[in-house]
Protein chains: 4
Amino acid sequence: MASLNKVLLIGNLGKDPETRFMPNGNAVCNFSIATTESWKDKQSGQKQEKTEWHNISMYGRLAEIAGQYLKKGSSVYIEGRLQTRKWQDKQTGADRYTTEIIADEMKMLGGRGDGGGGGMGGGYNQQSGGDDFNQEYSAPAQQAPRQAPAQSAPQQAAAKPARNFDDFEDDIPF
Amino acid sequence: MASLNKVLLIGNLGKDPETRFMPNGNAVCNFSIATTESWKDKQSGQKQEKTEWHNISMYGRLAEIAGQYLKKGSSVYIEGRLQTRKWQDKQTGADRYTTEIIADEMKMLGGRGDGGGGGMGGGYNQQSGGDDFNQEYSAPAQQAPRQAPAQSAPQQAAAKPARNFDDFEDDIPF
Amino acid sequence: MASLNKVLLIGNLGKDPETRFMPNGNAVCNFSIATTESWKDKQSGQKQEKTEWHNISMYGRLAEIAGQYLKKGSSVYIEGRLQTRKWQDKQTGADRYTTEIIADEMKMLGGRGDGGGGGMGGGYNQQSGGDDFNQEYSAPAQQAPRQAPAQSAPQQAAAKPARNFDDFEDDIPF
Amino acid sequence: MASLNKVLLIGNLGKDPETRFMPNGNAVCNFSIATTESWKDKQSGQKQEKTEWHNISMYGRLAEIAGQYLKKGSSVYIEGRLQTRKWQDKQTGADRYTTEIIADEMKMLGGRGDGGGGGMGGGYNQQSGGDDFNQEYSAPAQQAPRQAPAQSAPQQAAAKPARNFDDFEDDIPF
DNA sequence: TTTT
DNA sequence: TTTT
């Protein structure tokens, strides 16, 4: 029996995204988004609210776009899969686990951190992107590693982007 | 093998919704929403755009809320199932088919037709709604008929709402 | 801007589910399901595989059904929302976090742990369930608490079910 | 505001899929799948059942795989978008509309028409497919036309496949 | 840490 | 810990 692992989120970034570049030039972008549920308590009739935070990771082309266009407060639609990553607590050496959403699609929805820009929207796809983008964006930049990158990867991240963000500016479809 | 029939849409209403009430007091709300894809054509480099229209049907409590709060231009998240309804072409007597999304969840997302209102958002659930609403909203109003309502239902629809919209105004959680 | 927090999974239970009953008679059911992705490595041409484990929590009526019908190996469709729960490491007193899927819909898909039964499937809904079940299943049993239950709740769980599983056996729609 | 147009289905094929090849060698695959809901009527206590049929269209690589591996009775997971296509009734010249799901992902789930084969499952992605398949599958074969193909396309479809199905047999990841 |  |  095949399996399914799919997450759909709409929420706001709590902080600016963090984008790093791997030695091979691949981008990785991480940020957290908040989703908020509200409901009315049956007993008290009071409005209740609960916020949930979700850790998002993106790779390749999608990471570059997120790093350039998203910021604190941005409203974003994210589609991806759940992944729980194991890591070591440096203090105690104990195993710890963190659950993240590995995104393969993103749509900017505007919102507070929008910067007042006019046209909103557009969808980006992790995988080659149909007609959205030129084929020149190489395969490595378009692959989310299925194995979690080595834990030391962040430190190895190149200080300079492997390619200039400006280079693809005019490929953005808005 | 169990089956799955799920649709998720975010789009804008093309016109104000139409709400009718069945003889038993149940509300039915119909409207269309547009979703627009845009992409860049690989050959020409031109931005392309394509709009798709979706027919939404809601029943019961959800229909009442939609009828009261949505209007032309509203941006809305809809979750539901696909249903293809058979009907007769009165001219020719031929069988015809219309595909609709029977919604069981809705979230208002604001947007152009927002009317400038302050608080937006909140989610409504077709089925009893968890803690969102009081139990007083009766079962009949909360059920989407699994069989398509008789075709003549629209004409039979009560001229007056079975209950006053104002009655539930202060149950709306925003 | 309203938010969205939705997870869709199809996977297999790693162990039998654990069902407990709260002092108020509400059921809680926990289990883990595995989803497996497989792909072919571009370099080596080797088939690769990666398994992800997801912690599922259910409440009320849905928990009772899961506790009765699911077992190790069962294939199941789960729909729900992500929730990250904070807890204290008893050793160190440090804050720790666990991400779970709070399910509000479930469909049994058969599979190895199926027990050889014939007809499988059917969908269950956390919230009142449309026409699926009788209204007699009281609201408390149908609500997933939006606030995580107090941490000590597990220990308080009644040793005996508040109601006999057999009671609702003939309400199961297959 | 960006929009979302997403459909998720699990169902069984009513007939063998029909695969055609466009003059440019691109495959198109069409089939219908049934989803069935069942519930218990509150009044009568009788089990009710309703089947819905969905028209699926696939293009390119995904169409080739579907054409080769799916058959009548196959259980399949489909992800895609809704598209309503306008066509002319040849009799009356009147405008008619057909709603289809343009699939961009598919997972075979086994089931009755499975043929008893061993390994099932695996997921295929319309868009380049991450690591799943070799890059040699050319872009044209991987694109779903956003504009509906010209109505006469079916008749023009090449009598012979542009490439032999056997050619990609060993790329299938199971 | 966001947003309403 | 499942499943293929």
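Residues numbered from 1 in each chain as written. Chains lettered and ligands numbered in written order. Predicted model: local features only at pLDDT ≥ 70, side-chain atom pairs only at ≥ 80, totals over all residues. Heavy atoms only, no water.

### Regarding the overall build of chain A
Okay, so step 1: Of regular secondary structure, chain A possesses two helices and seven strands.
Okay, so step 2: Each helix and strand of chain A, placed in order from N terminus to C terminus, yields the pattern β-β-β-β-α-β-β-β-α.
Okay, so step 3: The burial tally for chain A puts 52% of its 174 residues in the buried class.
Okay, so step 4: In chain A, once contacts between residues fewer than 6 apart in sequence are set aside, the share between residues at least 24 apart is 63%.
Okay, so step 5: As presented, chain A carries roughly 7900 Å² of accessible surface, and 44% of it is formed by carbon and sulfur atoms. (Helix = DSSP H or I, 4+ residues; strand = E, 2+ residues; numbered from the N terminus. Buried < 20%, exposed > 50% of the residue type's maximum accessible area, 1.4 Å probe, protein only. Contact = heavy atoms within 4.5 Å. Areas by Shrake-Rupley, 256 points an atom, 1.4 Å probe, with all protein chains shown as cover.)

### Quick notes on the pairing of strand 1 (residues 4–13) of chain B
Okay, so step 1: By the criterion of burial, strand 1 of chain B is predominantly enclosed, with nine of the ten residues buried.
Okay, so step 2: Two elements, strand 1 of chain B and strand 1 (residues 4–13) of chain D, share seven bridges in a ladder whose sense is antiparallel. Considered in strand 1 of chain D, the bridge of L9(B) is made with N5(D).
Okay, so step 3: For strand 1 of chain B and strand 5 (residues 75–88) of chain B, the ladder comprises six bridges, and the chain directions are antiparallel. (Pairing = 2+ DSSP bridges.)

### Digging into the relation of the copies chain C and chain A
Okay, so step 1: With an axial shift of 0.0 Å and an RMSD of 0.0 Å, the rotation relating chain C to chain A amounts to 180°. Viewed as a symmetry operation, the transformation between the two copies matches a two-fold axis. When each C-alpha of chain C is compared by its distance to the rotation axis, V7(C) comes out closest, at 2.2 Å.
Okay, so step 2: A share of 97% of interface residues in chain C that are also interface residues in chain A marks the association as one of identical surfaces. (Least-squares fit on C-alpha atoms with pLDDT ≥ 70 in both.)

### With respect to the interface of chain C and chain A
Okay, so step 1: Contact residues are listed per partner, giving 35 residues for chain C and 34 residues for chain A.
Okay, so step 2: Together chain C and chain A conceal approximately 3000 Å² of surface at their shared face, both sides included; 50% is due to carbon and sulfur atoms.
Okay, so step 3: Where chain C touches chain A, the interface holds two salt bridges.
Okay, so step 4: Among the salt bridges present, the one from E37(C) reaches R81(A), with a minimum N-O distance of 3.4 Å.
Okay, so step 5: The tally of links between chain C and chain A comes to ten residue pairs in polar contact (both at pLDDT 80 or more).
Okay, so step 6: Contributing elements (two or more residues each) for the side of chain C that touches chain A: strand 1 (4–13), strand 3 (27–40), strand 4 (47–59), strand 5 (75–88) and strand 6 (95–110) of chain C.
Okay, so step 7: Looking at which element gives the most residues to the side of chain C that touches chain A, the answer is strand 1 of chain C, with seven residues.
Okay, so step 8: Residues belonging to the side of chain C that touches chain A are distributed by class as follows: 14 nonpolar, twelve polar and nine charged. (Buried area = accessible area lost by both parts, 1.4 Å probe. Salt bridge = Lys/Arg side-chain N within 4 Å of Asp/Glu carboxyl O. Polar contact = N/O pair within 3.5 Å; in protein donor to acceptor, adjacent residues only side chain to side chain. Nonpolar A, V, L, I, M, F, W, Y, C, P; charged D, E, K, R; others polar.)

### Considerations on the interface of chain B and chain D
Okay, so step 1: Taken together, the contact between chain B and chain D spans 35 residues of the former and 36 residues of the latter.
Okay, so step 2: Of the roughly 3000 Å² buried between chain B and chain D on both sides combined, carbon and sulfur atoms contribute 50%.
Okay, so step 3: At the surface where chain B touches chain D, the tally comes to two salt bridges.
Okay, so step 4: Counting across the chain B and chain D interface gives ten residue pairs in polar contact (both at pLDDT 80 or more).
Okay, so step 5: When contributions to the side of chain B that touches chain D are tallied by element, the ones reaching two or more residues are strand 1, strand 3 (27–40), strand 4 (47–59), strand 5 and strand 6 (95–110) of chain B.

### Things to note about the relation of the copies chain B and chain D
In summary, the two copies of the chain are related to each other by a rotation about an axis coupled with a shift along it.
Okay, so step 1: Once chain B has been moved 0.0 Å along the axis and rotated by 180°, it coincides with chain D to within an RMSD of 0.0 Å.
Okay, so step 2: Mapped onto chain D, 100% of the interface residues of chain B are again interface residues, and the two copies thus contact each other with one and the same surface.

### Some words on helix 1 (residues 60–69) of chain A
Okay, so step 1: When you tally the buried positions in helix 1 of chain A, you get eight out of ten residues, the bulk of the element.
Okay, so step 2: By the burial criterion, the buried members of helix 1 of chain A are G60(A), R61(A), L62(A), A63(A), E64(A), I65(A), A66(A) and Y69(A).

### Overview of the nonpolar core
Okay, so step 1: Counting 47 residues, the largest nonpolar core has F31(A), M58(A), I78(A), M106(A), M58(C), I78(C) and M106(C) as the members making the most contacts within it.
Okay, so step 2: The element that contributes the greatest number of residues to this core is helix 1 of chain A, accounting for five residues.
Okay, so step 3: Other than its neighbours up to four places away in sequence, F31(A) contacts L13(A), P17(A), H54(A), N55(A), I56(A), M58(A), A66(A), L70(A), V76(A) and I78(A).
Okay, so step 4: Counting residues in each nonpolar core, the second largest holds 46 residues, with L62(B), C29(D), F31(D) and I78(D) among its members. (Core = buried A, V, L, I, M, F, W, Y, C linked by side-chain atoms within 4.5 Å.)

### A few points about the pattern of salt bridges
Okay, so step 1: On inspection of all chains with the given rule, the structure shows 32 salt bridges over all chains.
Okay, so step 2: Beyond isolated ion pairs, a larger network of salt bridges with shared partners links K6(A), E79(A), K6(D) and E79(D).

### A look at the confidence of the model for chain A
Residue and element names in this part refer to chain A.
Okay, so step 1: For chain A, the average pLDDT comes to 75, and 64% of its residues sit at 70 or higher.
Okay, so step 2: Contacts from residues 115–120, a stretch scored under 50 in pLDDT, to residues over four places away or in other chains number six contacts.
Okay, so step 3: Predicted confidence for residues 148–174 stays below pLDDT 50, and this span has 49 contacts to residues more than four positions away or in other chains. (pLDDT = per-residue confidence, 0-100.)

### Some remarks on the environment of A34(C)
Residues and elements named next belong to chain C.
Okay, so step 1: In this structure, A34 sits in strand 3.
Okay, so step 2: Spatially, the C-alpha atoms of A34 and N12 are 5.3 Å apart, while their sequence positions differ by 22 residues.
Okay, so step 3: With near-sequence residues (within four places) excluded, A34 lies in contact with I10, G11, N12, T51, E52 and W53.

### Examining the side chain of E100(D)
Okay, so step 1: Its location among the elements puts E100(D) in strand 6 (residues 95–110).
Okay, so step 2: Filtering out sequence-adjacent residues up to four positions away, E100(D) remains in contact with N55(D), S57(D), R81(D), L82(D), Q83(D) and R85(D).

### Describing the environment of G93(C)
Residue and element names in this part refer to chain C.
Okay, so step 1: The residue G93 is located in the loop between strand 5 and strand 6 in this model.
Okay, so step 2: Overall, the relative accessible area of 42% leaves G93 in the partly exposed class.
Okay, so step 3: With 39 residues separating them along the chain, G93 and H54 place their C-alpha atoms 25 Å apart.

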